[in-house]
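Observations on the model geometry
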Amino acid sequence: MDVELLEEKIQKSEGRCHTWHLDWRKRHQLSRVATKKTVEIIEHIRLSNFESISFPARSADVRSIPTPEFVPLKSALEVIKSVMKLLKDNSISINIIGVYGSGGIGKTTLMKQVMKQEIPFDKVIFVRVTQTPDVKRVQDEIARFLNTELEGDVEVLRAAFLSERLKRQKRVLIILDDLWGKLDLAVVGIPYGEEHKGCKIILTSRFKEVCDEMESTNYVQVEELTDEDRLILFKKKAGLPEGTKAFDRAAEEVVRQCGKLPNAIVIIGTALRHKPVREWNEAIKRKKASTPINVEGIPEEVVLCVALGYDQLETVAKSCLQFSCLFPPYYSVSMEEFVIHGLVDRLFPQVGLLGEVGNRVHPVVLRLISSSLLLEGDRESCFRIHDDTRKVVKYIAAREGDHFIAEPGMKKGWPREDLQNCEKLSLMDGNVTALPDQPKCPRLTTLFLQNNPFADIPNAFFEHTREIKNLDLSSTNISSLAPSLPCLEKLRSLHLENTHLNDASLIREFGELEVLILKGSRIVELPNGIGTVSNLKLLDLSNNLFLQVIPPNVISKLSQLEELYVGNSFGDWEVEETANGQNARFSEVASLTRLTVLYIHVSNTKVLSVDFDGPWTNLKRFRVCVNDDYWEIAPKRSMHLKNLSNSIASWVKLLLEKTEYLTLTRSSNLQDIGEIDVQGFTGLMCMHLRACSMQRIFHSNFYPTVQILEELHVEYCYSLKEVFCLEDIEGEQAGLKRLRELVLVGLPKVLTIWKGNHSVVYLKTLKLMKVKDCGKLRYLFSRTLAEGLGNLEDLSILKCDLMEEIVSVDEAEVEQGAAQERNVSSAPQPMFFPNLKKLLIGKCNKMKRVLSLTNAHNLKQLEELTVASCNHMERIITVSDEEKAAENKNVLPKLKILALEDLPELDSVYNGEIAALRWPSLEELKVWDCPKLMKLPLDTRSAPKLETFKAHSAWFEKLQWNEGYSKLRLQPLLNEK
């Protein structure tokens, strides 16, 4: 294979890409070869009809967005029902659905509930637009859900690329949340209507006029809660028992004063939770009697409820809530950012360790979530504040003497007002193009300037801002730091992520600096001065692709360090002690006794066999990559090791036993995973093996040590003969009871996946299985195995040249590899794959049929069936003599897509006596290069939802029809593209 040969040449070339030590002449030659191959691949794709040539990477799934506990109120369920009805309507006239209602009425929460329903879309995208929309940010958010990135700043090119990617999605739902004005969908790059019939858009806004401006085709109003719903919601949040009239009367009085917005009721209910009833009305009366709070644009009832909820908070919680106001409405604040705030602002004066601060901050943030003063963000462990809550909190904080200016995302530039008394200033994403020469901010402790286009910091900028403790200059265009930076003697946190910074020499002798983030900068050498920052607790040097040198004896001086991030960055750690070493030694990292988090990339594989005493047992999070690609997406405990053998150091064993995500590449001298000398992989959830010279993956004694394994990927292991060895194993020891994803690629010697007693295998949790380039496999499953696949949803089989059947009829054939011819109709078949939704078969040249009628009847959930490039495929659904009595037209009732491509021997889709099938859900039919197929199982009553029919017109004209009307109905849908 050309790609593999090219990779082998790259492996042999001198230097390593990730450290930027390159033999440029060889690299140039290889790049020319790669370019040529790329052109050839693109040409093959253009000439073929395949829409996919590989297993795509997993993209973000918006349906996994965390949501608070949902109270199923009658009014809320009505909204969800109305939206669902419109989403399920395939009419092209329904393409933009406007959902409108007052602020705080629950539009976002309801849309998140809609996303969790069974909706007919392949991809769901959720983007928060907010009051100050940024087209570039909206584009980037959409691209993230499509697992791609948009390059450059040319708006029209970005929109064109995004539009093209969205058009690749057959059915896509885009939710644009919190619109305050018109957003030009064409400028963003969102195709809909005639341009993309499969795209529907939901937009939410406080104003129906905005829905009108967006040319909504349908409207759903989120109305105020009824009295009954208000009372139910309040009682739920206040934890009241049912059926107590005394409670009901008190609750009704409180609810009456809270207005009809659910957000306000949730806040007040949580604030009064577990408090005596007599205190409820007293608390509200006291709040009403105090100095009135008037916040422009916010209903009085909402202000009252937020203020009362705020009053119930402790000082630390109030500080965290105010901190969240420093970020734009569309931004989700991570737990890590709250922890750094707790450290920098000394929210816990007696606590000095970063990890301990985290332990204290975490429950505080969770309490704010439970009170609805903070909301769940769009990612795990991230949080945001509602616009109305933000405005009220800022007003109260200012009235109580907390002087801060928070205008993130407002695009106003540097403020013109007097900043003499300002303590916290956030201009994040504020279109600050230039900084003032010498601002007078003598009380300023926090300055957030991230995500702004300015490129220079005036020399004297920090001379009158000496109280700054928290400074963020991330995502700016600065290449150097101001000479006045050392004036910030009280600086505790400095963020310089994703800048053009190439010189960090000014960062030295900051006695109080505890957090330093240089992630994604352009520094080439870490300055020696960093070693003088002796109180540093967190150092982030990750994604520094230019970083070539970390001098010796710098890292070892940072004895207080608790978190070190050097992933996808510098990797040339010295493994052996040398007198004249140019770079830091790995032993320096090992000497950091307080370390609890370590993300590191090491180029030298010798590190795997050298023992280092260190903080390994204390590590709570780690991502260790040795001579392999660095994986940013891996979970909190992961190892990615290349050239691992059965001789490994003690520190590696300790981490392997705690690892959740393990990748092994080119491991040798191992018969199977069990030969790695560890006590077990009791925490292992995901394992990826690539180009390892193993005979099998698991042996019998290994199963009990991988009880929680969820994902197994095995790729290009050319010596592998079997995946699971089940010999001499008891049923209760079989393990793998959580396995949900199995991917096998490039295993040319594998004769069987499961060897041994199939009755002990547990596959009830398996949802996805993909097999590719396994040339000696004749079957995937025995009957016994297939019967246990009740939850399998996605099955792909590609380039398995000897594959004859998905399920073997004869159990003995899988066990013993018998090669005799079989009669597929000789025995009745049990129910297989009742929840299968997607089946893809490609380049399986010995396979003659896909499904028996019995199996087809069992596939009641199948939505997509693709069969391509199988040279001997004769029919898709085979009806045996024994099955003819069971024939009926309701085969594959949920099938939406049927694609038949490049099948030269296919002569029948269905060979039963029934001439036509119902296929009530079929939306797309593709038939390419099937010259012997002369008949389709369709009549005028078949496939009422069919929208797309792709085929060559010359083939279509030769088709035989039972009814002339069938041809007349399909002809207008014919598309040769």
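Residues numbered from 1 in each chain as written. Predicted model: local features only at pLDDT ≥ 70, side-chain atom pairs only at ≥ 80, totals over all residues. Heavy atoms only, no water.

- The protein goes by AAA+ ATPase domain-containing protein in an unreviewed UniProt entry, where it is assigned to Citrus sinensis.
- The record held by UniProt for the protein lists under Sequence similarities (unreviewed entry) the comment "Belongs to the disease resistance NB-LRR family." (UniProt positions renumbered as here; feature names shortened; annotations may be inferred.)

1. Considerations on the overall build of the protein
- Secondary structure assignment for the protein yields 24 helices and 40 strands.
- Evaluated residue by residue, the protein yields a buried proportion of 55% over its 977 residues.
- In the protein, the share of contacts with a sequence separation of at least 24, taken over all contacts with a separation of at least 6, comes to 67%.
- Accessible area of the protein: about 42400 Å², with a carbon and sulfur share of 48%. (Helix = DSSP H or I, 4+ residues; strand = E, 2+ residues; numbered from the N terminus. Buried < 20%, exposed > 50% of the residue type's maximum accessible area, 1.4 Å probe, protein only. Contact = heavy atoms within 4.5 Å. Areas by Shrake-Rupley, 256 points an atom, 1.4 Å probe, with all protein chains shown as cover.)

2. Notes on the nonpolar core
- Of all hydrophobic cores here, the largest spans 181 residues; its most connected members are W573, F698, W754, M769, F781 and F833.
- Broken down by element, this core gets its largest block of residues, four residues, from helix α19 (residues 650–656).
- Not counting the four nearest positions on each side in its chain, W573 is found in contact with I550, I555, V566, A584, R585, F586, V589, I600, H601 and V602.
- I105, I202, I265 and V295 belong to the second largest nonpolar core, which has 99 residues in total. (Core = buried A, V, L, I, M, F, W, Y, C linked by side-chain atoms within 4.5 Å.)

3. Observations concerning the packing of aromatic side chains
- Counting across every chain of the model gives 22 aromatic pairs.
- Look at W754 and F781: their rings are 6.0 Å apart centre to centre, the planes differ by 35°, and that puts the pair in the tilted class. Taken together, the residues W754 in strand β27 (residues 752–756) and F781 in strand β29 (residues 779–781) connect sequence positions 27 residues apart. Across this residue pair, the class does not change: W754 and F781 are buried.
- Three or more aromatic residues link up through ring pairs in this structure, and these residues are F323, F327, Y331, F338, F383 and F448.
- K737 extends its terminal NZ or CZ atom over the ring of Y762, reaching a point 5.8 Å from the ring centre. (Phe/Tyr/Trp six-rings, centres within 6.5 Å; stacked < 30°, edge-to-face > 60°. Lys NZ or Arg CZ within 6 Å of the ring centre and 35° of its normal.)

4. Quick look at unusual backbone geometry
- The phi dihedral of Y716 is positive, around 55°, even though this residue is not glycine.
- For A943, which is not glycine, the phi dihedral falls at a positive 45°.
- For A943, the position within the fold is in the loop between β38 (924–928) and β39 (948–951).
- Taking the relative accessible area as the measure of exposure, A943 reaches 0% and is therefore buried.

5. Focus on the sheet that holds strand β5 (residues 172–179)
- With parallel pairing, the five strands of this open sheet are ordered in space as β4-β5-β6-β3-β7. Every interior strand has two partners, whereas the edge strands, β4 (123–130) and β7 (218–221), have only one. Averaged over all neighbouring strand pairs, the angle between strand axes comes to 15°, with direction disregarded.
- By the bridge criterion, five bridges tie strand β3 (residues 96–100) to strand β6 (residues 199–205) in an arrangement that is parallel. Among the inter-strand pairings, V99 is bridged to a residue of β6, identified as T204. (Pairing = 2+ DSSP bridges. Axes fitted to C-alpha atoms, helices over the stretch in contact; angles between N-to-C directions.)

6. A closer look at empty space enclosed by the protein
- Scanning the entire structure with this criterion turns up two cavities of 30 Å³ or more.
- Counted as a void, the second largest cavity has a volume near 30 Å³.
- Lining the second largest cavity, in full, are F323, L326, H341, D345, K424, T446 and N470.
- When its residues are assigned to classes, the lining of the second largest cavity shows two nonpolar, three polar and two charged. (1 Å grid on protein atoms, 1.4 Å probe; cavity = no way out; pocket = protein on both sides within 12 Å on 5 of 7 lines; lining within 4 Å. Points joined across faces, edges and corners; volume = space filled by probe spheres on them. Nonpolar A, V, L, I, M, F, W, Y, C, P; charged D, E, K, R; others polar.)

7. A closer look at the environment of P408
- Among the structural elements, P408 can be located in the loop between β11 (404–406) and β12 (424–426).
- Between the C-alpha atoms of P408 and P329, which are 79 residues apart in sequence, the distance is 8.1 Å.
- Not counting chain neighbours up to four residues away, the residues in contact with P408 comprise C325, L326, F327, P328, P329, S426 and M428.

8. Overview of the sheet that holds strand β35 (residues 875–878)
- Across the sheet, which stays open at both edges, the three strands sit in the order β33-β35-β37 with parallel pairing between neighbours. Bordering the open sheet on either side are β33 (849–852) and β37 (908–910), each of which pairs with just one other strand. Within this sheet the neighbouring strands show an average axis-to-axis angle of 25°, counted without direction.

9. Side note on the pattern of salt bridges
- Enumeration over the complete set of coordinates arrives at 36 salt bridges.
- Measuring nitrogen to oxygen at the nearest pair gives 2.8 Å for the salt bridge that ties E924 to K170. Placement of the pair is E924 in strand β38 and K170 in the loop between α6 (155–167) and β5, with a sequence separation of 754 residues.
- For the salt bridge of R230 with D227, the shortest nitrogen-to-oxygen distance reads 2.8 Å. (Salt bridge = Lys/Arg side-chain N within 4 Å of Asp/Glu carboxyl O.)

10. Digging into the packing of helix α13 (residues 300–311) against helix α17 (residues 387–399)
- Two elements in contact, α13 and α17, have axes whose closest approach is 10 Å; the angle formed by their N-to-C orientations is 60°. As for the relative orientation of α13 and α17, their crossing is right-handed in sense. Residues V302, V303, V306, A307 and Y310 of α13 pack against D388, T389, V392, V393 and I396 of α17. (Left-handed = near helix turned anticlockwise from the far one by under 90°.)

11. Focus: the side chain of H341
- Following the sequence through the fold, H341 ends up in helix α15 (residues 335–344).
- Apart from the residues within four sequence positions on either side, H341 is in contact with S319, C320, F323 and L347.

12. As for a nonpolar patch on the surface
- Together, V154, V156 and L157 make up a nonpolar patch on the protein surface, roughly 300 Å² of accessible area in all.
- As for its placement among the helices and strands, L157 is situated in helix α6. (Patch = residues over 30% accessible without salt bridge, like charges linked within 9 Å, V, L, I, M, F, W, Y side chains within 5 Å.)

13. A few points about the state of the cysteines
- In the structure shown here, the tally under the stated rule is zero disulfides.
- Its sulfur unpaired, C870 is 5.1 Å from the next cysteine sulfur, which belongs to C844.
- Taking the relative accessible area as the measure of exposure, C870 reaches 0% and is therefore buried. (Disulfide = S-S within 2.5 Å.)

14. Concerning helix α16 (residues 354–370)
- Helix length check: α16 (17 residues) gives 25 Å between terminal C-alpha atoms against 24 Å at 1.5 Å per residue, within 8%.
- Within the span of α16, buried status applies to L354, V357, G358, V361, V364, V365, L368 and I369.
- Just downstream of α16 lies S372, where phi reads positive at about 70°. (Expected span 1.5 Å × (residues − 1).)

15. Description of the environment of F121
- Mapping F121 onto the fold places it in the loop between α4 (107–115) and β4.
- Here the alpha-carbon distance between F121 and R171, two residues 50 residues apart in the chain, equals 4.8 Å.

16. Brief notes about the confidence of the model for the protein
- Averaged over all residues, the pLDDT of the protein equals 85, while 87% of them reach at least 70.
- Here residues 1–59 is a poorly scored stretch, pLDDT under 50, and it has 71 contacts once near neighbours within four places are set aside; other chains count.
- In this model, residues 812–828 is a region of pLDDT below 50 whose contacts with residues beyond four sequence positions or in other chains number 32 contacts. (pLDDT = per-residue confidence, 0-100.)

17. Notes on the pairing of β5
- Most of β5 is tucked away, with eight of its eight residues classed as buried.
- Judged from the seven bridges that link them, β4 and β5 form a sheet pairing that is parallel. Bridging from a neighbouring strand, V124 pairs with L173 of β5.
- Sheet topology places β5 next to β6; six bridges connect them, and they run parallel. For L176, the partnering residue across the bridge sits in β6 and is L203.

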